[in-house]
Amino acid sequence: MKLYNTLTRSKDEFIPNEEGKVKMYTCGPTVYHFAHIGNLRTYIMEDVLEKFLNFAGYEVTRAMNITDVGHLSSDGDTGEDKMLKGAKREKKTVMEIAQFYTDAFFSDCKKLNIKKPEIVVPATSCVDDYIHLIETLLEKGYAYIAGGNVYFDTSKLDTYYVFQNFKEEDLAVGVRDSVEEDENKRNKADFVLWFTKSKFDDQELKWDSPWGNGYPGWHIECSGISLKYLGDTLDIHCGGIDNAFPHHTNEIAQSEAYTGKKWCNNWFHVLHLNDARGKMSKSKGDFLTVSLLEEKGYDPLVYRMFCLQSHYRKPLVFTFESLDNTAGAYNKLLTRIASIQNEGEIDEAVVAEAKEKFINLVGNDLNTSLGLTAVYDILKLKTNGATKLAILKEYDKVLSLDLLTNKPTEKAKPKATEELTPAEIPEGVDVAKIEELIAKRLEAKKNRDFALADSIRNELSEMNIAILDTKEGTKWSVK
Ligand code: AMP
Ligand code: ZN
(Lines give C-alpha, C1' and ligand atoms only; values in the text may rest on other atoms or scores of the structure.)
(Ligands and ions follow the chains in the order given, each with its own letter.)
Protein backbone atom coordinates (compact mmCIF):
# COMPACT_ATOMS: atom_id res chain seq x y z
CA MET A 1 0.00 0.00 0.00
CA LYS A 2 1.10 3.55 -0.70
CA LEU A 3 0.33 6.13 1.93
CA TYR A 4 1.08 9.82 2.12
CA ASN A 5 3.34 10.48 5.07
CA THR A 6 3.24 13.98 6.58
CA LEU A 7 6.72 13.36 7.97
CA THR A 8 8.41 12.77 4.61
CA ARG A 9 5.92 14.87 2.59
CA SER A 10 5.62 12.08 0.07
CA LYS A 11 3.52 9.12 -0.84
CA ASP A 12 5.60 6.26 0.52
CA GLU A 13 5.32 2.50 0.26
CA PHE A 14 3.91 1.50 3.62
CA ILE A 15 6.29 -0.86 5.40
CA PRO A 16 5.54 -1.76 9.01
CA ASN A 17 8.32 -2.49 11.48
CA GLU A 18 7.25 -6.10 11.86
CA GLU A 19 6.15 -7.94 8.74
CA GLY A 20 2.39 -8.27 8.47
CA LYS A 21 1.73 -6.44 11.74
CA VAL A 22 0.67 -2.84 12.16
CA LYS A 23 0.66 -0.81 15.34
CA MET A 24 -1.63 2.15 14.94
CA TYR A 25 -2.31 5.03 17.32
CA THR A 26 -5.19 7.47 17.09
CA CYS A 27 -5.67 10.69 19.02
CA GLY A 28 -9.08 10.30 20.60
CA PRO A 29 -11.74 12.90 21.30
CA THR A 30 -11.68 15.57 23.98
CA VAL A 31 -14.85 14.59 25.76
CA TYR A 32 -16.24 17.95 26.88
CA HIS A 33 -18.88 18.12 24.18
CA PHE A 34 -20.45 16.06 21.42
CA ALA A 35 -18.16 15.15 18.53
CA HIS A 36 -19.07 17.21 15.49
CA ILE A 37 -19.24 15.75 12.03
CA GLY A 38 -15.80 17.28 11.31
CA ASN A 39 -14.20 15.24 14.09
CA LEU A 40 -16.07 12.26 12.77
CA ARG A 41 -14.70 12.75 9.26
CA THR A 42 -11.28 12.11 10.78
CA TYR A 43 -12.50 9.01 12.65
CA ILE A 44 -14.29 7.67 9.56
CA MET A 45 -11.13 7.94 7.43
CA GLU A 46 -9.00 6.37 10.17
CA ASP A 47 -11.53 3.55 10.43
CA VAL A 48 -11.33 2.93 6.69
CA LEU A 49 -7.55 2.91 6.93
CA GLU A 50 -7.61 0.29 9.69
CA LYS A 51 -10.15 -1.85 7.84
CA PHE A 52 -8.27 -1.53 4.58
CA LEU A 53 -5.04 -2.67 6.22
CA ASN A 54 -6.89 -5.69 7.61
CA PHE A 55 -8.38 -6.35 4.19
CA ALA A 56 -4.94 -6.21 2.62
CA GLY A 57 -3.75 -8.88 5.07
CA TYR A 58 -2.16 -6.94 7.92
CA GLU A 59 -2.89 -7.66 11.54
CA VAL A 60 -3.66 -4.28 13.09
CA THR A 61 -3.42 -3.37 16.77
CA ARG A 62 -4.90 0.02 17.37
CA ALA A 63 -4.97 2.20 20.46
CA MET A 64 -6.86 5.41 21.15
CA ASN A 65 -6.84 7.76 24.11
CA ILE A 66 -9.83 9.61 25.50
CA THR A 67 -8.79 13.12 26.49
CA ASP A 68 -10.46 13.74 29.82
CA VAL A 69 -7.84 16.03 31.33
CA GLY A 70 -5.22 18.59 30.36
CA HIS A 71 -6.46 19.88 26.97
CA LEU A 72 -6.55 23.63 27.47
CA SER A 73 -8.62 26.08 25.44
CA SER A 74 -5.56 26.97 23.42
CA ASP A 75 -3.26 24.28 22.07
CA GLY A 76 -0.38 26.56 23.15
CA ASP A 77 -0.88 25.61 26.83
CA THR A 78 -2.97 28.60 27.83
CA GLY A 79 -6.58 29.05 28.85
CA GLU A 80 -8.90 26.97 30.90
CA ASP A 81 -9.05 23.16 30.80
CA LYS A 82 -11.69 22.24 28.21
CA MET A 83 -13.12 19.54 30.49
CA LEU A 84 -13.63 22.02 33.31
CA LYS A 85 -15.31 24.41 30.91
CA GLY A 86 -17.69 21.63 29.85
CA ALA A 87 -18.42 20.70 33.46
CA LYS A 88 -19.21 24.33 34.38
CA ARG A 89 -21.41 24.72 31.31
CA GLU A 90 -23.48 21.72 32.33
CA LYS A 91 -23.16 22.08 36.10
CA LYS A 92 -21.75 18.57 36.42
CA THR A 93 -18.45 17.10 37.58
CA VAL A 94 -15.62 16.61 35.12
CA MET A 95 -15.93 12.84 35.43
CA GLU A 96 -19.67 12.96 34.73
CA ILE A 97 -19.03 15.05 31.64
CA ALA A 98 -16.26 12.71 30.52
CA GLN A 99 -18.45 9.61 30.89
CA PHE A 100 -21.42 11.17 29.16
CA TYR A 101 -19.51 12.43 26.13
CA THR A 102 -17.36 9.30 25.85
CA ASP A 103 -20.56 7.26 25.61
CA ALA A 104 -22.02 9.75 23.14
CA PHE A 105 -18.87 9.53 21.02
CA PHE A 106 -18.98 5.74 20.78
CA SER A 107 -22.69 5.81 20.10
CA ASP A 108 -22.01 8.17 17.14
CA CYS A 109 -19.20 5.89 16.01
CA LYS A 110 -21.55 2.92 16.07
CA LYS A 111 -24.09 4.73 13.92
CA LEU A 112 -21.34 5.54 11.42
CA ASN A 113 -20.00 1.97 11.47
CA ILE A 114 -16.71 3.16 12.96
CA LYS A 115 -15.15 0.22 14.76
CA LYS A 116 -14.06 0.87 18.34
CA PRO A 117 -10.27 0.43 18.54
CA GLU A 118 -9.36 -2.63 20.57
CA ILE A 119 -7.45 -0.48 23.07
CA VAL A 120 -9.28 2.62 24.37
CA VAL A 121 -7.68 4.41 27.29
CA PRO A 122 -8.94 7.43 29.24
CA ALA A 123 -6.05 9.83 29.87
CA THR A 124 -6.84 9.97 33.60
CA SER A 125 -6.13 6.25 33.96
CA CYS A 126 -2.40 6.49 33.22
CA VAL A 127 -1.17 9.36 35.37
CA ASP A 128 1.56 7.22 37.01
CA ASP A 129 2.91 6.42 33.55
CA TYR A 130 3.13 10.13 32.64
CA ILE A 131 4.90 10.83 35.93
CA HIS A 132 7.45 8.14 35.14
CA LEU A 133 7.93 9.54 31.63
CA ILE A 134 8.40 13.08 32.91
CA GLU A 135 10.84 11.93 35.60
CA THR A 136 12.92 10.25 32.88
CA LEU A 137 12.80 13.34 30.67
CA LEU A 138 14.04 15.42 33.62
CA GLU A 139 16.83 12.92 34.34
CA LYS A 140 17.91 12.96 30.71
CA GLY A 141 17.96 16.76 30.65
CA TYR A 142 15.07 17.19 28.21
CA ALA A 143 12.84 18.86 30.75
CA TYR A 144 13.09 21.55 33.40
CA ILE A 145 11.04 22.86 36.32
CA ALA A 146 10.04 26.51 36.34
CA GLY A 147 7.43 28.35 38.36
CA GLY A 148 5.99 25.09 39.69
CA ASN A 149 5.43 23.51 36.27
CA VAL A 150 7.54 21.00 34.36
CA TYR A 151 8.39 22.00 30.77
CA PHE A 152 9.87 20.17 27.81
CA ASP A 153 13.00 21.93 26.58
CA THR A 154 12.67 22.00 22.80
CA SER A 155 16.15 23.50 22.38
CA LYS A 156 17.61 20.12 23.42
CA LEU A 157 16.45 18.53 20.18
CA ASP A 158 18.31 18.61 16.88
CA THR A 159 15.01 19.05 15.07
CA TYR A 160 11.84 20.06 16.81
CA TYR A 161 9.72 21.17 13.84
CA VAL A 162 9.54 17.76 12.19
CA PHE A 163 6.58 18.29 9.89
CA GLN A 164 8.52 20.01 7.18
CA ASN A 165 5.53 20.91 5.08
CA PHE A 166 4.79 23.79 7.40
CA LYS A 167 7.04 26.79 7.57
CA GLU A 168 8.66 27.30 10.93
CA GLU A 169 7.04 30.74 11.33
CA ASP A 170 3.61 29.28 10.60
CA LEU A 171 4.09 26.60 13.17
CA ALA A 172 5.26 29.05 15.79
CA VAL A 173 2.11 31.16 15.39
CA GLY A 174 0.18 29.04 17.87
CA VAL A 175 2.75 29.88 20.49
CA ARG A 176 3.23 33.52 19.57
CA ASP A 177 -0.48 34.20 19.48
CA SER A 178 -1.23 32.62 22.82
CA VAL A 179 -3.26 34.90 25.03
CA GLU A 180 -0.44 35.41 27.45
CA GLU A 181 3.18 34.45 27.02
CA ASP A 182 4.25 32.02 29.73
CA GLU A 183 7.22 33.68 31.42
CA ASN A 184 8.53 30.35 32.70
CA LYS A 185 9.32 28.99 29.26
CA ARG A 186 12.96 29.06 28.25
CA ASN A 187 12.07 28.82 24.57
CA LYS A 188 8.88 29.90 22.90
CA ALA A 189 8.11 26.42 21.64
CA ASP A 190 8.59 24.72 25.03
CA PHE A 191 5.46 23.10 26.37
CA VAL A 192 4.09 21.96 29.70
CA LEU A 193 4.46 18.34 30.78
CA TRP A 194 3.02 18.80 34.26
CA PHE A 195 1.10 21.70 35.75
CA THR A 196 1.05 22.53 39.43
CA LYS A 197 0.60 26.24 38.90
CA SER A 198 -2.23 27.30 36.71
CA LYS A 199 -4.32 30.43 36.64
CA PHE A 200 -7.29 28.15 37.05
CA ASP A 201 -7.00 26.96 40.62
CA ASP A 202 -10.37 25.29 40.55
CA GLN A 203 -9.00 22.46 38.35
CA GLU A 204 -11.12 19.58 39.57
CA LEU A 205 -8.81 16.64 38.96
CA LYS A 206 -5.35 16.75 40.49
CA TRP A 207 -2.81 14.11 41.41
CA ASP A 208 0.21 14.02 43.70
CA SER A 209 3.51 14.05 41.88
CA PRO A 210 7.19 14.64 42.68
CA TRP A 211 6.56 18.26 41.61
CA GLY A 212 3.49 18.82 43.73
CA ASN A 213 -0.22 18.33 43.39
CA GLY A 214 -1.19 18.95 39.79
CA TYR A 215 -2.20 17.52 36.45
CA PRO A 216 -0.57 16.42 33.18
CA GLY A 217 -0.28 18.51 30.03
CA TRP A 218 -2.32 17.41 27.03
CA HIS A 219 0.51 16.05 24.86
CA ILE A 220 2.07 13.67 27.38
CA GLU A 221 -1.06 11.49 27.46
CA CYS A 222 -0.67 10.29 23.88
CA SER A 223 3.03 9.49 24.31
CA GLY A 224 2.33 7.76 27.62
CA ILE A 225 -0.58 5.69 26.37
CA SER A 226 1.07 4.75 23.10
CA LEU A 227 4.35 3.71 24.76
CA LYS A 228 2.47 1.73 27.40
CA TYR A 229 0.08 -0.15 25.14
CA LEU A 230 1.91 -0.35 21.81
CA GLY A 231 5.54 -0.40 22.86
CA ASP A 232 8.52 1.79 21.92
CA THR A 233 7.74 2.04 18.22
CA LEU A 234 4.64 2.66 16.16
CA ASP A 235 3.79 2.13 12.50
CA ILE A 236 1.06 4.68 11.94
CA HIS A 237 -0.04 7.63 14.01
CA CYS A 238 -3.23 9.38 12.92
CA GLY A 239 -5.27 12.46 13.64
CA GLY A 240 -6.80 15.54 12.10
CA ILE A 241 -4.38 17.94 10.44
CA ASP A 242 -4.80 20.55 13.20
CA ASN A 243 -3.13 18.05 15.52
CA ALA A 244 0.12 18.02 13.53
CA PHE A 245 1.27 21.08 15.38
CA PRO A 246 1.77 21.50 18.24
CA HIS A 247 0.24 18.24 19.49
CA HIS A 248 1.93 15.61 17.31
CA THR A 249 5.16 17.58 17.11
CA ASN A 250 5.26 17.54 20.90
CA GLU A 251 4.33 13.86 21.10
CA ILE A 252 7.32 13.04 18.88
CA ALA A 253 9.63 15.25 20.95
CA GLN A 254 8.62 13.54 24.21
CA SER A 255 8.51 9.97 22.95
CA GLU A 256 11.83 10.06 21.10
CA ALA A 257 13.59 11.92 23.92
CA TYR A 258 12.32 9.19 26.26
CA THR A 259 13.22 6.12 24.17
CA GLY A 260 16.24 7.57 22.39
CA LYS A 261 15.03 6.18 19.07
CA LYS A 262 12.68 6.84 16.19
CA TRP A 263 9.11 6.49 17.40
CA CYS A 264 6.73 6.46 14.45
CA ASN A 265 7.49 6.16 10.75
CA ASN A 266 4.16 7.11 9.18
CA TRP A 267 1.97 10.08 10.01
CA PHE A 268 -1.54 10.02 8.62
CA HIS A 269 -3.43 13.32 8.81
CA VAL A 270 -6.98 13.94 7.69
CA LEU A 271 -7.79 17.36 6.28
CA HIS A 272 -10.64 19.34 7.78
CA LEU A 273 -14.31 19.36 7.20
CA ASN A 274 -15.30 22.97 6.66
CA ASP A 275 -18.65 24.65 6.57
CA ALA A 276 -19.55 28.03 5.11
CA ARG A 277 -17.68 29.75 7.96
CA GLY A 278 -14.50 27.68 7.76
CA LYS A 279 -13.25 24.83 9.92
CA MET A 280 -15.97 23.17 11.94
CA SER A 281 -14.95 23.35 15.58
CA LYS A 282 -16.42 22.51 18.95
CA SER A 283 -15.41 25.82 20.46
CA LYS A 284 -17.66 27.68 17.98
CA GLY A 285 -20.58 26.12 19.87
CA ASP A 286 -23.08 25.62 17.05
CA PHE A 287 -21.84 22.63 15.13
CA LEU A 288 -23.40 19.68 13.38
CA THR A 289 -23.64 16.34 15.11
CA VAL A 290 -24.76 12.91 13.97
CA SER A 291 -27.96 13.25 16.02
CA LEU A 292 -28.75 16.47 14.21
CA LEU A 293 -28.34 14.78 10.86
CA GLU A 294 -30.63 12.01 12.08
CA GLU A 295 -33.21 14.53 13.25
CA LYS A 296 -33.16 15.97 9.77
CA GLY A 297 -33.91 12.53 8.39
CA TYR A 298 -30.49 11.45 7.13
CA ASP A 299 -29.20 7.95 7.65
CA PRO A 300 -25.79 8.45 9.37
CA LEU A 301 -24.28 6.17 6.73
CA VAL A 302 -25.12 8.83 4.15
CA TYR A 303 -22.58 11.00 5.94
CA ARG A 304 -20.06 8.14 5.91
CA MET A 305 -20.54 7.82 2.16
CA PHE A 306 -20.23 11.62 1.81
CA CYS A 307 -16.79 11.37 3.45
CA LEU A 308 -15.72 8.39 1.35
CA GLN A 309 -16.55 10.24 -1.85
CA SER A 310 -13.65 12.63 -1.33
CA HIS A 311 -9.98 12.10 -0.62
CA TYR A 312 -8.87 12.43 2.99
CA ARG A 313 -6.04 14.79 2.02
CA LYS A 314 -8.38 17.39 0.57
CA PRO A 315 -10.43 19.77 2.68
CA LEU A 316 -14.09 18.86 2.43
CA VAL A 317 -16.83 21.48 2.39
CA PHE A 318 -20.08 20.44 3.99
CA THR A 319 -23.39 21.67 2.60
CA PHE A 320 -26.81 20.10 2.95
CA GLU A 321 -27.14 20.27 -0.80
CA SER A 322 -24.19 17.95 -1.31
CA LEU A 323 -25.39 15.69 1.49
CA ASP A 324 -28.76 15.50 -0.27
CA ASN A 325 -26.97 14.40 -3.43
CA THR A 326 -25.16 11.70 -1.51
CA ALA A 327 -28.42 10.59 0.14
CA GLY A 328 -29.93 10.20 -3.31
CA ALA A 329 -26.93 8.24 -4.59
CA TYR A 330 -26.88 6.00 -1.50
CA ASN A 331 -30.56 5.24 -1.82
CA LYS A 332 -30.20 4.38 -5.50
CA LEU A 333 -27.18 2.21 -4.82
CA LEU A 334 -29.03 0.26 -2.10
CA THR A 335 -31.99 -0.17 -4.45
CA ARG A 336 -29.76 -1.53 -7.20
CA ILE A 337 -27.99 -3.92 -4.84
CA ALA A 338 -31.31 -5.07 -3.36
CA SER A 339 -32.45 -6.01 -6.84
CA ILE A 340 -29.52 -8.41 -7.39
CA GLN A 341 -30.81 -11.97 -7.22
CA ASN A 342 -28.68 -14.28 -5.11
CA GLU A 343 -28.45 -16.92 -7.79
CA GLY A 344 -25.75 -19.07 -9.32
CA GLU A 345 -22.62 -20.34 -7.71
CA ILE A 346 -19.98 -17.94 -6.37
CA ASP A 347 -17.11 -17.74 -8.84
CA GLU A 348 -14.16 -17.59 -6.43
CA ALA A 349 -11.68 -16.60 -9.14
CA VAL A 350 -13.79 -13.55 -10.04
CA VAL A 351 -14.09 -12.63 -6.36
CA ALA A 352 -10.32 -12.88 -5.88
CA GLU A 353 -9.68 -10.74 -8.97
CA ALA A 354 -12.16 -8.11 -7.79
CA LYS A 355 -10.53 -8.04 -4.36
CA GLU A 356 -7.13 -7.56 -5.96
CA LYS A 357 -8.47 -4.69 -8.04
CA PHE A 358 -9.99 -3.05 -4.96
CA ILE A 359 -6.72 -3.37 -3.04
CA ASN A 360 -4.84 -1.71 -5.90
CA LEU A 361 -7.31 1.14 -6.22
CA VAL A 362 -7.86 1.93 -2.56
CA GLY A 363 -4.27 1.04 -1.68
CA ASN A 364 -3.08 4.08 -3.59
CA ASP A 365 -3.12 6.50 -0.65
CA LEU A 366 -6.50 5.34 0.62
CA ASN A 367 -8.44 6.38 -2.45
CA THR A 368 -11.92 5.75 -1.12
CA SER A 369 -13.72 7.43 -4.01
CA LEU A 370 -12.15 4.88 -6.37
CA GLY A 371 -13.29 2.23 -3.89
CA LEU A 372 -16.85 3.47 -4.39
CA THR A 373 -16.41 3.48 -8.17
CA ALA A 374 -15.35 -0.15 -7.88
CA VAL A 375 -18.70 -0.89 -6.23
CA TYR A 376 -20.55 0.55 -9.24
CA ASP A 377 -18.31 -1.47 -11.57
CA ILE A 378 -19.40 -4.67 -9.84
CA LEU A 379 -23.04 -3.86 -10.54
CA LYS A 380 -22.18 -3.87 -14.27
CA LEU A 381 -19.90 -6.92 -14.12
CA LYS A 382 -20.83 -9.85 -16.37
CA THR A 383 -21.17 -12.52 -13.73
CA ASN A 384 -23.94 -14.13 -11.70
CA GLY A 385 -25.78 -12.51 -8.78
CA ALA A 386 -24.17 -14.66 -6.09
CA THR A 387 -20.70 -13.63 -7.23
CA LYS A 388 -21.63 -9.94 -7.35
CA LEU A 389 -23.06 -10.11 -3.84
CA ALA A 390 -19.97 -11.95 -2.58
CA ILE A 391 -17.72 -9.21 -3.99
CA LEU A 392 -19.84 -6.41 -2.57
CA LYS A 393 -19.74 -8.11 0.82
CA GLU A 394 -15.93 -8.09 0.62
CA TYR A 395 -15.76 -4.41 -0.39
CA ASP A 396 -18.11 -3.50 2.40
CA LYS A 397 -15.66 -4.91 4.94
CA VAL A 398 -13.69 -1.74 4.20
CA LEU A 399 -16.38 0.74 3.17
CA SER A 400 -18.83 -0.29 5.93
CA LEU A 401 -21.87 1.19 4.22
CA ASP A 402 -24.13 -1.78 5.02
CA LEU A 403 -24.47 -2.25 1.28
CA LEU A 404 -26.10 -5.66 1.60
CA THR A 405 -28.15 -5.20 4.72
CA ASN A 406 -29.42 -1.62 4.71
CA LYS A 407 -32.74 -1.15 3.00
CA PRO A 408 -33.45 1.81 0.74
CA THR A 409 -35.95 3.37 3.07
CA GLU A 410 -37.48 6.76 3.70
CA LYS A 411 -34.76 7.18 6.32
CA ALA A 412 -32.13 7.58 3.64
CA LYS A 413 -34.15 10.38 2.05
CA PRO A 414 -33.51 13.80 3.51
CA LYS A 415 -36.23 16.01 4.94
CA ALA A 416 -36.45 19.64 3.88
CA THR A 417 -33.42 21.38 5.28
CA GLU A 418 -34.77 24.90 5.64
CA GLU A 419 -35.96 24.05 9.13
CA LEU A 420 -33.40 24.93 11.73
CA THR A 421 -32.78 22.68 14.70
CA PRO A 422 -32.16 24.21 18.13
CA ALA A 423 -28.37 23.86 18.00
CA GLU A 424 -28.24 25.88 14.77
CA ILE A 425 -30.18 28.84 16.08
CA PRO A 426 -27.97 31.90 16.12
CA GLU A 427 -27.43 33.74 19.36
CA GLY A 428 -29.99 36.40 20.20
CA VAL A 429 -32.90 34.58 18.60
CA ASP A 430 -35.75 34.35 21.11
CA VAL A 431 -37.15 30.87 20.45
CA ALA A 432 -39.86 31.13 23.13
CA LYS A 433 -41.13 34.41 21.69
CA ILE A 434 -41.15 33.01 18.14
CA GLU A 435 -43.07 29.94 19.21
CA GLU A 436 -45.55 32.04 21.14
CA LEU A 437 -46.19 34.20 18.05
CA ILE A 438 -46.55 31.12 15.83
CA ALA A 439 -49.13 29.66 18.25
CA LYS A 440 -51.04 32.99 18.29
CA ARG A 441 -51.03 33.08 14.50
CA LEU A 442 -52.38 29.54 14.34
CA GLU A 443 -55.16 30.49 16.74
CA ALA A 444 -55.94 33.57 14.61
CA LYS A 445 -56.11 31.42 11.48
CA LYS A 446 -58.45 28.99 13.22
CA ASN A 447 -60.70 31.93 14.11
CA ARG A 448 -60.44 33.06 10.47
CA ASP A 449 -58.86 36.32 11.69
CA PHE A 450 -56.53 36.57 8.72
CA ALA A 451 -55.65 40.19 9.36
CA LEU A 452 -54.21 39.25 12.75
CA ALA A 453 -52.46 36.20 11.27
CA ASP A 454 -50.83 38.40 8.63
CA SER A 455 -49.75 41.00 11.13
CA ILE A 456 -48.10 38.27 13.20
CA ARG A 457 -46.32 37.01 10.09
CA ASN A 458 -45.07 40.57 9.54
CA GLU A 459 -43.96 40.86 13.13
CA LEU A 460 -41.97 37.64 12.74
CA SER A 461 -40.55 38.89 9.47
CA GLU A 462 -39.33 42.02 11.22
CA MET A 463 -37.59 39.76 13.70
CA ASN A 464 -35.85 38.22 10.67
CA ILE A 465 -37.87 35.01 10.94
CA ALA A 466 -39.41 33.33 7.91
CA ILE A 467 -42.27 30.90 8.34
CA LEU A 468 -43.55 28.09 6.21
CA ASP A 469 -46.88 26.33 6.71
CA THR A 470 -46.53 22.61 6.07
CA LYS A 471 -48.59 19.49 6.65
CA GLU A 472 -46.62 18.86 9.84
CA GLY A 473 -47.28 22.39 11.12
CA THR A 474 -45.61 25.77 10.82
CA LYS A 475 -41.86 25.66 10.34
CA TRP A 476 -39.63 28.66 10.85
CA SER A 477 -36.12 29.66 9.99
CA VAL A 478 -33.81 32.60 10.41
CA LYS A 479 -33.71 34.67 7.20
P1 AMP B 1 -10.82 16.87 19.61
O2 AMP B 1 -12.02 16.16 20.16
O3 AMP B 1 -11.02 18.36 19.50
O4 AMP B 1 -9.58 16.53 20.40
O5 AMP B 1 -10.61 16.36 18.12
C6 AMP B 1 -10.76 15.03 17.74
C7 AMP B 1 -10.20 14.80 16.35
O8 AMP B 1 -10.94 15.54 15.37
C9 AMP B 1 -8.75 15.22 16.18
O10 AMP B 1 -8.08 14.24 15.40
C11 AMP B 1 -8.85 16.54 15.43
O12 AMP B 1 -7.69 16.79 14.69
C13 AMP B 1 -10.03 16.25 14.53
N14 AMP B 1 -10.74 17.46 14.03
C15 AMP B 1 -11.05 18.59 14.70
N16 AMP B 1 -11.75 19.45 13.91
C17 AMP B 1 -11.89 18.84 12.70
C18 AMP B 1 -12.53 19.18 11.45
N19 AMP B 1 -13.20 20.34 11.29
N20 AMP B 1 -12.45 18.30 10.42
C21 AMP B 1 -11.82 17.12 10.57
N22 AMP B 1 -11.22 16.71 11.72
C23 AMP B 1 -11.25 17.56 12.78
ZN1 ZN C 1 -2.75 12.77 20.67
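Basis of the calculations
- Residues numbered from 1 in each chain as written.
- Chains lettered and ligands numbered in written order.
- Predicted model: local features only at pLDDT ≥ 70, side-chain atom pairs only at ≥ 80, totals over all residues.
- Heavy atoms only, no water.
- Helix = DSSP H or I, 4+ residues; strand = E, 2+ residues; numbered from the N terminus.
- Buried < 20%, exposed > 50% of the residue type's maximum accessible area, 1.4 Å probe, protein only.
- Contact = heavy atoms within 4.5 Å.
- Pairing = 2+ DSSP bridges.
- Near = heavy atom within 4 Å.
- Polar contact = N/O pair within 3.5 Å; in protein donor to acceptor, adjacent residues only side chain to side chain.
- Areas by Shrake-Rupley, 256 points an atom, 1.4 Å probe, with all protein chains shown as cover.
- Core = buried A, V, L, I, M, F, W, Y, C linked by side-chain atoms within 4.5 Å.
- Domains from an automatic or database assignment.
- Salt bridge = Lys/Arg side-chain N within 4 Å of Asp/Glu carboxyl O.
- pLDDT = per-residue confidence, 0-100.
- 1 Å grid on protein atoms, 1.4 Å probe; cavity = no way out; pocket = protein on both sides within 12 Å on 5 of 7 lines; lining within 4 Å.
- Points joined across faces, edges and corners; volume = space filled by probe spheres on them.
- Nonpolar A, V, L, I, M, F, W, Y, C, P; charged D, E, K, R; others polar.
- Donors = N, O, S within 2.8 Å, 3.2 Å for Na, K, Ca; no water.
- Axes fitted to C-alpha atoms, helices over the stretch in contact; angles between N-to-C directions.

Draft legend 1. Focus on the overall build of the chain. Each helix and strand counted, the chain has 15 helices and 18 strands in total. When each of the 479 residues of the chain is scored for burial, the buried share is 53%. Pairs at least 24 apart in sequence give 76% of the contacts found in the chain among residues at least 6 apart.

Draft legend 2. View of the pairing of strand β9 (residues 149-152). Side chains of β9 alternate between two faces, with N149 and Y151 and V150 and F152 buried alike. What sits between strand β8 (residues 143-146) and β9 in their antiparallel hairpin is a turn of two residues, with G147 showing a positive phi close to 55°.

Draft legend 3. Fine view of the site of ligand 1. Around ligand 1, the surrounding shell holds 17 residues, and the nearest of these are T30, T42, D242, L273 and K282. One of the side-chain nitrogen or oxygen atoms of T42 is found 2.7 Å away from a nitrogen atom of ligand 1. Within the contact set of ligand 1, an oxygen atom lies 2.4 Å away from a side-chain nitrogen or oxygen of D242. Burial of ligand 1 by the protein chains amounts to 95% of its free accessible area of 500 Å². A per-element tally of the shell around ligand 1 places helix α1 (residues 37-55) first, with four residues.

Draft legend 4. Quick look at the nonpolar core. Within the largest apolar cluster, 85 residues are counted, with the highest numbers of intra-cluster contacts made by I236, Y303 and F318. No other element matches the 10 residues that α1 contributes to this core. Counting contributing residues, this core receives three or more from each of domain 1 (2-270) and domain 2 (310-399). The residues touching Y303, leaving out its near neighbours within four places in the chain, are I37, G38, R41, I44, L112, L273, L293, F318 and L323. In this structure, A146, W211, A257 and C264 belong to the second largest nonpolar core, which totals 50 residues.

Draft legend 5. Looking closely at the pattern of salt bridges. A full pass over the atoms with the stated rule returns 21 salt bridges. Across the pair K111 and E294 runs a salt bridge, and its minimum N-O distance is 2.9 Å. Taken together, the residues K111 in helix α3 (residues 94-111) and E294 in helix α8 (residues 290-295) connect sequence positions 183 residues apart. The class of K111 is partly exposed, set by a relative accessible area of 30%. Given the relative accessible area of 28%, E294 is considered partly exposed. Between D232 and K261 there is a salt bridge, with the nearest N and O atoms lying 3.6 Å from each other. With a gap of 29 residues between them, D232 in the loop between α6 (218-230) and β12 (234-240) and K261 in the loop between α7 (244-259) and β13 (264-270) connect regions that are remote in the sequence. One salt-bridge network, in which partners are shared between bridges, spans E46, E50, R62 and K115.

Draft legend 6. The arrangement of the confidence of the model for the chain in detail. Mean pLDDT for the chain: 89, with 89% of residues reaching 70 or above. Segment residues 171-179 is flagged for pLDDT under 50; beyond a separation of four residues in sequence, or across chains, it makes 16 contacts in the model. Here residues 412-418 is modelled with pLDDT under 50, and outside its nearest four sequence neighbours on either side it reaches 22 contacts, counting other chains as well.

Draft legend 7. Structural view of the sheet that holds strand β14 (residues 273-275). One open sheet accounts for three strands, arranged β15-β14-β16; its pairing is mixed. Strand pairing shows two members of the sheet lacking a second neighbour, β15 (278-279) and β16 (316-317), which therefore form its edges. Sheet analysis places β14 next to β16, joined by two bridges and oriented parallel. Its bridge partner being in β16, L273 is matched across the sheet by L316.

Draft legend 8. Representation of the layout of surface pockets. Taken as a whole, the largest pocket spans an internal volume of roughly 780 Å³. Going through the elements one at a time, α1, α2 (82-90) and β12 are the ones with two or more residues in the lining of the largest pocket. A class-by-class count of the residues in the lining of the largest pocket yields eight nonpolar, 20 polar and seven charged.

Draft legend 9. Here's a closer look at the coordination of the zinc ion (ligand 2). Taken together, C27 (SG), C222 (SG), H247 (NE2) and E251 (OE) make up the protein donors of the zinc ion (ligand 2), found 2.0 to 2.5 Å from the metal. The class for C27 is buried, based on a relative accessible area of 6%. Residue classification places E251 among the buried residues on the basis of a relative accessible area of 0%.

Draft legend 10. Layout of the sheet that holds β13. As summarised here, the arrangement of the five strands in space is β7-β4-β3-β12-β13, forming an open sheet in which the pairing is parallel. Looking at the sheet topology across the chains shown, the edges are occupied by β7 (119-122) and β13. Here the strands of the sheet are splayed against their neighbours by 20° on average, with no regard to which way each runs. Where β12 lies against β13, six bridges are found, and the strand directions are parallel. Paired with H237 across the strands is W267, a residue of β13. Against the sheet, α6 engages β3 (21-26), β4 (59-66), β7 and β12, with an angle of about 155° to β3.

Draft legend 11. Fine view of the environment of M45. Inspection of the secondary structure assignment puts M45 in helix α1. Under the relative-accessibility criterion, M45 is labelled buried at 0%. Measuring from C-alpha to C-alpha, the distance between M45 and C238 comes to 9.7 Å, with 193 residues separating the pair along the chain. When residues no more than four places from it in sequence are discounted, the contact partners of M45 are F268, V270, C307, L308, S310, Y312, L366 and T368.

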